[in-house]
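Descriptive analysis of the structure
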Amino acid sequence: MHFHAMQLYDGVGGARNRVEALAWLTRAAGAGLVDSQYNVAQLLEKGDEGVAPNRVEAFKWYMIAARRGDQQALAAVQRLTPGLSAAERRTAREAADAFTAEPIT
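A short tour of the structure in this document, coming up. (Residues numbered from 1 in each chain as written. Predicted model: local features only at pLDDT ≥ 70, side-chain atom pairs only at ≥ 80, totals over all residues. Heavy atoms only, no water.)

1. Brief notes about helix 5 (residues 71–80)
- Within helix 5, burial applies to Ala73, Ala76, Val77 and Leu80. Down the axis of helix 5, the buried side of the element spans an arc of 105 degrees, and every buried residue falls inside it. In helix 5, the exposed residues that point more than 90 degrees away from the buried face are Gln71 and Gln78.
- Capping the start of helix 5, Asp70 holds a side-chain oxygen 3.0 Å from the backbone nitrogen of Gln72, two or three residues further along. (Buried < 20%, exposed > 50% of the residue type's maximum accessible area, 1.4 Å probe, protein only. Helix = DSSP H or I, 4+ residues; strand = E, 2+ residues; numbered from the N terminus. Arc of directions from axis to C-beta. Polar contact = N/O pair within 3.5 Å; in protein donor to acceptor, adjacent residues only side chain to side chain.)

Below, the structure written as structure tokens:
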């Protein structure tokens, strides 16, 4: 899933499609792949080619990846914290706390 998502993101073997790449990255992130969790967060933080920025959702995915040991995600959490309201941080934290990896079927 992650590999396919990155091919879509970069346009390898076909047209670049950031929206579809996000969908595949989100599936892989939901299955527990830390690299995908970080990439979902990064794409949502900035937005790109049809992907609307969503800093709260990005913060959630950065928190999930940071809890799994991703140092870049931890740095992003620290960087974004001052720019989000307490309510936005709480929403993201509650969603991150509720996250459990879904097994791939």
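2. Digging into the side chain of Arg18
- If you trace the backbone, Arg18 turns up in helix 2 (residues 18–30).
- Apart from the residues lying within four places of it in its own chain, the contact partners of Arg18 are Tyr9, Leu43, Asp48, Glu49 and Val51. (Contact = heavy atoms within 4.5 Å.)

3. Section: the nonpolar core
- Counting 27 residues, the largest nonpolar core has Val40, Leu44, Phe59, Trp61 and Tyr62 as the members making the most contacts within it.
- Of all the secondary structure elements, the ones that give two or more residues to this core are helix 2, helix 3 (34–46), helix 4 (55–67), helix 5 and helix 6 (86–98).
- Broken down by element, the residue count for this core peaks at nine residues, all from helix 4.
- Leaving out residues up to four positions away in the same chain, Leu44 has contacts with Leu22, Val51, Ala52, Pro53, Asn54, Arg55, Glu57, Ala58 and Trp61. (Core = buried A, V, L, I, M, F, W, Y, C linked by side-chain atoms within 4.5 Å.)

4. Details of the pattern of salt bridges
- Applying the stated criterion to the full structure yields five salt bridges.
- The salt bridge partner of Lys60 is Glu57, with a shortest N-O separation of 2.8 Å. Taken together, the positions of Lys60 and Glu57, both in helix 4 and three residues apart, correspond to about one turn of that helix. (Salt bridge = Lys/Arg side-chain N within 4 Å of Asp/Glu carboxyl O.)

5. Quick word on the packing of helix 2 against helix 3
- The interhelical angle for the contact between helix 2 and helix 3, taken along N-to-C directions, is 140 degrees, at an axis separation of 8 Å. At the point where helix 2 passes helix 3, the crossing takes the left-handed sense. Between helix 2 and helix 3, the contacting residues are Arg18, Leu22, Leu25, Thr26, Ala28 and Ala29 on the first element and Ser36, Gln37, Asn39, Val40, Leu43 and Leu44 on the second.
- Split by residue class, the contact of helix 2 with helix 3 holds seven nonpolar, four polar and one charged. (Axes fitted to C-alpha atoms, helices over the stretch in contact; angles between N-to-C directions. Left-handed = near helix turned anticlockwise from the far one by under 90°. Nonpolar A, V, L, I, M, F, W, Y, C, P; charged D, E, K, R; others polar.)

6. Quick word on unusual backbone geometry
- For Glu49, which is not glycine, the phi torsion reads 40 degrees and is therefore positive.
- Of note, Glu49 is situated in the loop between helix 3 and helix 4.
- Judged by relative accessible area, Glu49 falls into the partly exposed class, the value being 42%.

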